[in-house]
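Single-letter residue listing:
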Amino acid sequence: MKKSLLTLALVAASFAAVAQKPAPATPAATAAPDSYTALLAATIQELMNTGDPAKLKQADSKLERAATVAPQDWLPRYYQAYARTITAFVSKEDDDQRDQYLNQAEAALGQARKLGGEASELLVLQAYIYQARLSISPMLRSMQYSKLVTETLAAAKKTNPANPRVYLVQANNVYYTPSMFGGGAEVAKPIFQEAQARFATFKPSSVLAPNWGERQVKGRLKSYETASAN
(Lines give C-alpha, C1' and ligand atoms only; values in the text may rest on other atoms or scores of the structure.)
Protein backbone atom coordinates (compact mmCIF):
# COMPACT_ATOMS: atom_id res chain seq x y z
CA MET A 1 0.00 0.00 0.00
CA LYS A 2 2.80 2.41 0.92
CA LYS A 3 4.53 1.71 -2.39
CA SER A 4 1.30 2.27 -4.33
CA LEU A 5 0.64 5.60 -2.66
CA LEU A 6 4.19 6.73 -3.32
CA THR A 7 3.78 5.77 -6.98
CA LEU A 8 0.67 7.93 -7.20
CA ALA A 9 2.59 10.85 -5.74
CA LEU A 10 5.48 10.42 -8.16
CA VAL A 11 3.28 10.23 -11.23
CA ALA A 12 1.63 13.46 -10.24
CA ALA A 13 5.05 15.08 -10.32
CA SER A 14 5.75 13.48 -13.68
CA PHE A 15 2.45 14.76 -14.99
CA ALA A 16 3.48 18.24 -13.87
CA ALA A 17 6.64 18.15 -15.92
CA VAL A 18 5.34 16.74 -19.20
CA ALA A 19 1.59 17.13 -19.50
CA GLN A 20 1.39 20.71 -20.60
CA LYS A 21 0.81 21.85 -24.14
CA PRO A 22 1.94 25.45 -24.63
CA ALA A 23 -0.68 27.97 -25.63
CA PRO A 24 0.09 29.74 -28.93
CA ALA A 25 1.86 33.05 -28.41
CA THR A 26 -0.90 35.09 -30.03
CA PRO A 27 -3.13 37.89 -28.69
CA ALA A 28 -5.84 37.02 -26.16
CA ALA A 29 -9.52 37.39 -26.92
CA THR A 30 -9.83 39.95 -24.12
CA ALA A 31 -8.85 43.53 -24.74
CA ALA A 32 -5.29 44.02 -23.51
CA PRO A 33 -2.25 46.07 -24.48
CA ASP A 34 0.04 44.35 -26.97
CA SER A 35 2.98 44.48 -24.56
CA TYR A 36 0.92 42.76 -21.88
CA THR A 37 -0.34 40.09 -24.25
CA ALA A 38 3.17 39.40 -25.51
CA LEU A 39 4.54 39.17 -21.96
CA LEU A 40 1.86 36.78 -20.80
CA ALA A 41 2.05 34.61 -23.91
CA ALA A 42 5.83 34.31 -23.69
CA THR A 43 5.68 33.53 -19.99
CA ILE A 44 3.08 30.82 -20.49
CA GLN A 45 5.29 29.34 -23.19
CA GLU A 46 8.24 29.25 -20.78
CA LEU A 47 6.14 27.82 -17.96
CA MET A 48 4.72 24.99 -20.01
CA ASN A 49 8.15 23.87 -21.19
CA THR A 50 10.11 23.56 -17.97
CA GLY A 51 10.28 21.50 -14.82
CA ASP A 52 13.33 23.34 -13.46
CA PRO A 53 12.59 25.03 -10.11
CA ALA A 54 14.69 28.09 -10.91
CA LYS A 55 12.93 28.66 -14.23
CA LEU A 56 9.56 28.07 -12.61
CA LYS A 57 10.32 30.78 -10.07
CA GLN A 58 11.41 33.13 -12.86
CA ALA A 59 8.09 32.51 -14.61
CA ASP A 60 6.29 33.15 -11.32
CA SER A 61 7.99 36.55 -11.05
CA LYS A 62 7.01 37.45 -14.61
CA LEU A 63 3.43 36.43 -13.93
CA GLU A 64 3.43 38.71 -10.89
CA ARG A 65 4.39 41.59 -13.19
CA ALA A 66 1.66 40.60 -15.65
CA ALA A 67 -0.88 40.57 -12.81
CA THR A 68 0.23 44.06 -11.84
CA VAL A 69 -0.21 45.31 -15.40
CA ALA A 70 -3.68 43.77 -15.74
CA PRO A 71 -5.07 43.34 -12.20
CA GLN A 72 -8.52 42.35 -13.47
CA ASP A 73 -7.29 39.43 -15.59
CA TRP A 74 -7.53 36.05 -13.85
CA LEU A 75 -5.06 34.25 -16.11
CA PRO A 76 -1.77 35.51 -14.57
CA ARG A 77 -2.95 34.33 -11.14
CA TYR A 78 -4.10 30.99 -12.55
CA TYR A 79 -0.73 30.33 -14.18
CA GLN A 80 1.03 31.60 -11.07
CA ALA A 81 -0.85 29.01 -9.01
CA TYR A 82 0.16 26.40 -11.54
CA ALA A 83 3.84 27.44 -11.43
CA ARG A 84 3.91 27.21 -7.65
CA THR A 85 2.23 23.81 -7.70
CA ILE A 86 4.80 22.44 -10.12
CA THR A 87 7.57 23.95 -7.99
CA ALA A 88 6.24 21.99 -5.01
CA PHE A 89 6.28 18.78 -7.05
CA VAL A 90 9.83 19.13 -8.36
CA SER A 91 11.53 20.89 -5.46
CA LYS A 92 14.15 19.00 -3.45
CA GLU A 93 13.54 21.26 -0.46
CA ASP A 94 12.03 20.06 2.80
CA ASP A 95 8.37 19.26 3.26
CA ASP A 96 7.56 22.50 5.06
CA GLN A 97 8.93 24.56 2.18
CA ARG A 98 7.02 22.51 -0.38
CA ASP A 99 3.83 23.05 1.63
CA GLN A 100 4.62 26.75 1.64
CA TYR A 101 4.73 26.77 -2.16
CA LEU A 102 1.31 25.14 -2.14
CA ASN A 103 0.00 27.70 0.33
CA GLN A 104 1.14 30.35 -2.15
CA ALA A 105 -0.51 28.43 -4.98
CA GLU A 106 -3.78 28.36 -3.03
CA ALA A 107 -3.52 32.12 -2.51
CA ALA A 108 -3.00 32.79 -6.22
CA LEU A 109 -5.84 30.45 -7.14
CA GLY A 110 -8.10 32.26 -4.71
CA GLN A 111 -7.27 35.55 -6.43
CA ALA A 112 -8.03 34.01 -9.84
CA ARG A 113 -11.37 32.84 -8.47
CA LYS A 114 -12.24 36.33 -7.18
CA LEU A 115 -11.41 37.73 -10.62
CA GLY A 116 -14.02 35.51 -12.24
CA GLY A 117 -11.83 32.75 -13.63
CA GLU A 118 -13.42 29.84 -15.45
CA ALA A 119 -14.76 27.64 -12.68
CA SER A 120 -13.98 24.24 -14.16
CA GLU A 121 -10.36 25.15 -14.88
CA LEU A 122 -9.92 26.52 -11.37
CA LEU A 123 -11.35 23.35 -9.87
CA VAL A 124 -9.06 21.12 -11.92
CA LEU A 125 -6.06 23.10 -10.72
CA GLN A 126 -7.36 22.91 -7.15
CA ALA A 127 -7.49 19.12 -7.49
CA TYR A 128 -3.93 19.23 -8.76
CA ILE A 129 -2.84 21.19 -5.70
CA TYR A 130 -4.43 18.53 -3.52
CA GLN A 131 -2.41 15.90 -5.41
CA ALA A 132 0.72 17.89 -4.64
CA ARG A 133 -0.20 17.98 -0.95
CA LEU A 134 -0.62 14.21 -1.08
CA SER A 135 2.77 13.74 -2.74
CA ILE A 136 4.55 15.35 0.23
CA SER A 137 3.42 12.64 2.65
CA PRO A 138 1.41 9.91 0.90
CA MET A 139 0.91 7.64 3.91
CA LEU A 140 -0.21 10.37 6.29
CA ARG A 141 -2.29 12.39 3.82
CA SER A 142 -3.95 9.77 1.66
CA MET A 143 -7.26 9.64 3.54
CA GLN A 144 -7.74 13.40 3.43
CA TYR A 145 -6.42 14.40 0.04
CA SER A 146 -7.46 11.43 -2.10
CA LYS A 147 -11.05 12.21 -1.17
CA LEU A 148 -10.59 15.92 -1.87
CA VAL A 149 -9.14 15.21 -5.33
CA THR A 150 -12.11 13.02 -6.21
CA GLU A 151 -14.69 15.49 -4.90
CA THR A 152 -13.06 18.48 -6.59
CA LEU A 153 -12.86 16.74 -9.96
CA ALA A 154 -16.54 15.79 -9.64
CA ALA A 155 -17.37 19.46 -9.11
CA ALA A 156 -15.23 20.45 -12.11
CA LYS A 157 -17.02 17.91 -14.30
CA LYS A 158 -20.42 19.14 -13.14
CA THR A 159 -19.42 22.71 -13.95
CA ASN A 160 -18.11 21.87 -17.42
CA PRO A 161 -18.30 18.24 -18.58
CA ALA A 162 -16.59 19.25 -21.85
CA ASN A 163 -13.33 20.17 -20.11
CA PRO A 164 -10.85 17.44 -21.16
CA ARG A 165 -8.45 18.17 -18.30
CA VAL A 166 -11.03 16.86 -15.85
CA TYR A 167 -10.84 13.43 -17.46
CA LEU A 168 -7.07 13.52 -17.79
CA VAL A 169 -6.49 14.19 -14.09
CA GLN A 170 -9.16 11.65 -13.18
CA ALA A 171 -7.59 9.03 -15.45
CA ASN A 172 -4.16 9.56 -13.92
CA ASN A 173 -5.60 9.14 -10.45
CA VAL A 174 -7.35 5.91 -11.40
CA TYR A 175 -4.32 4.58 -13.29
CA TYR A 176 -2.12 4.78 -10.21
CA THR A 177 -4.73 3.67 -7.69
CA PRO A 178 -4.23 0.04 -6.57
CA SER A 179 -6.65 -2.43 -8.16
CA MET A 180 -7.88 -3.46 -4.70
CA PHE A 181 -9.30 0.06 -4.40
CA GLY A 182 -10.93 0.05 -7.83
CA GLY A 183 -8.05 1.47 -9.86
CA GLY A 184 -5.41 0.26 -12.27
CA ALA A 185 -4.43 0.62 -15.91
CA GLU A 186 -7.40 -1.18 -17.44
CA VAL A 187 -9.93 0.76 -15.38
CA ALA A 188 -8.25 4.01 -16.37
CA LYS A 189 -8.06 3.27 -20.09
CA PRO A 190 -11.65 4.27 -21.00
CA ILE A 191 -11.21 7.50 -19.03
CA PHE A 192 -8.10 8.35 -21.05
CA GLN A 193 -10.12 7.59 -24.19
CA GLU A 194 -12.86 9.90 -22.96
CA ALA A 195 -10.26 12.62 -22.40
CA GLN A 196 -9.00 12.14 -25.95
CA ALA A 197 -12.54 12.49 -27.31
CA ARG A 198 -13.05 15.65 -25.30
CA PHE A 199 -9.80 17.15 -26.57
CA ALA A 200 -10.95 16.53 -30.15
CA THR A 201 -13.85 18.95 -29.70
CA PHE A 202 -12.49 21.29 -27.01
CA LYS A 203 -12.13 24.98 -27.86
CA PRO A 204 -10.45 27.20 -25.24
CA SER A 205 -12.20 30.45 -24.44
CA SER A 206 -9.19 32.43 -25.65
CA VAL A 207 -5.79 31.63 -27.12
CA LEU A 208 -4.21 32.28 -23.72
CA ALA A 209 -6.72 30.22 -21.78
CA PRO A 210 -5.75 26.81 -20.35
CA ASN A 211 -5.20 24.34 -23.17
CA TRP A 212 -2.85 21.70 -21.79
CA GLY A 213 -2.90 17.94 -21.43
CA GLU A 214 -3.59 16.48 -24.87
CA ARG A 215 0.02 15.46 -25.38
CA GLN A 216 -0.03 13.34 -22.23
CA VAL A 217 -3.29 11.66 -23.18
CA LYS A 218 -1.86 10.66 -26.55
CA GLY A 219 1.30 9.37 -24.89
CA ARG A 220 -0.63 7.26 -22.41
CA LEU A 221 -2.90 5.76 -25.08
CA LYS A 222 0.16 5.02 -27.19
CA SER A 223 1.62 3.08 -24.26
CA TYR A 224 -1.52 0.95 -24.17
CA GLU A 225 -1.03 0.12 -27.85
CA THR A 226 2.61 -0.75 -27.27
CA ALA A 227 1.73 -3.00 -24.36
CA SER A 228 -0.92 -4.82 -26.44
CA ALA A 229 1.55 -5.39 -29.28
CA ASN A 230 4.06 -7.11 -26.97
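From a predicted model like this one, the values you see are computed outputs, not experimental measurements.

1. Considering helix α7 (residues 138–159)
Consideration 1: In α7, a bend of some 40° at Q144 exceeds every other bend along the element.
Consideration 2: Of the positions making up α7, those classed as buried are P138, R141, S142, Y145, V149, T152, L153 and A156.

2. Remarks on the confidence of the model for the chain
Consideration 1: Taken over all residues, the pLDDT of the chain has a mean of 85, while the share at 70 or more is 85%.
Consideration 2: Within the chain, the element-level pLDDT minimum falls on helix α1 (residues 2–18), averaging 42, and the maximum on helix α5 (residues 95–114), averaging 98.
Consideration 3: Confidence drops under pLDDT 50 across residues 1–33; counting only partners more than four residues distant or on other chains, this segment forms 67 contacts.

3. A few points about the pattern of salt bridges
A side chain of one charge can pair with a side chain of the opposite charge if their charged atoms are brought near each other.
Consideration 1: Throughout the structure, instances matching the rule amount to 13 salt bridges.
Consideration 2: For the salt bridge of D60 with R84, the shortest nitrogen-to-oxygen distance reads 2.8 Å. Of this pair, D60 sits in helix α3 (residues 53–69) while R84 sits in helix α4 (residues 75–90); the two residues are 24 residues apart in sequence, bridging distant segments of the chain. Residue D60 shares its accessibility class with R84, and that shared class is buried.
Consideration 3: Through salt bridges with shared partners, a single network forms among D99, E106, R133 and R141.

Rules behind the numbers
Residues numbered from 1 in each chain as written. Predicted model: local features only at pLDDT ≥ 70, side-chain atom pairs only at ≥ 80, totals over all residues. Heavy atoms only, no water. Bend = angle between axes of the 7 residues up to and from the residue. Helix = DSSP H or I, 4+ residues; strand = E, 2+ residues; numbered from the N terminus. Buried < 20%, exposed > 50% of the residue type's maximum accessible area, 1.4 Å probe, protein only. pLDDT = per-residue confidence, 0-100. Contact = heavy atoms within 4.5 Å. Salt bridge = Lys/Arg side-chain N within 4 Å of Asp/Glu carboxyl O.

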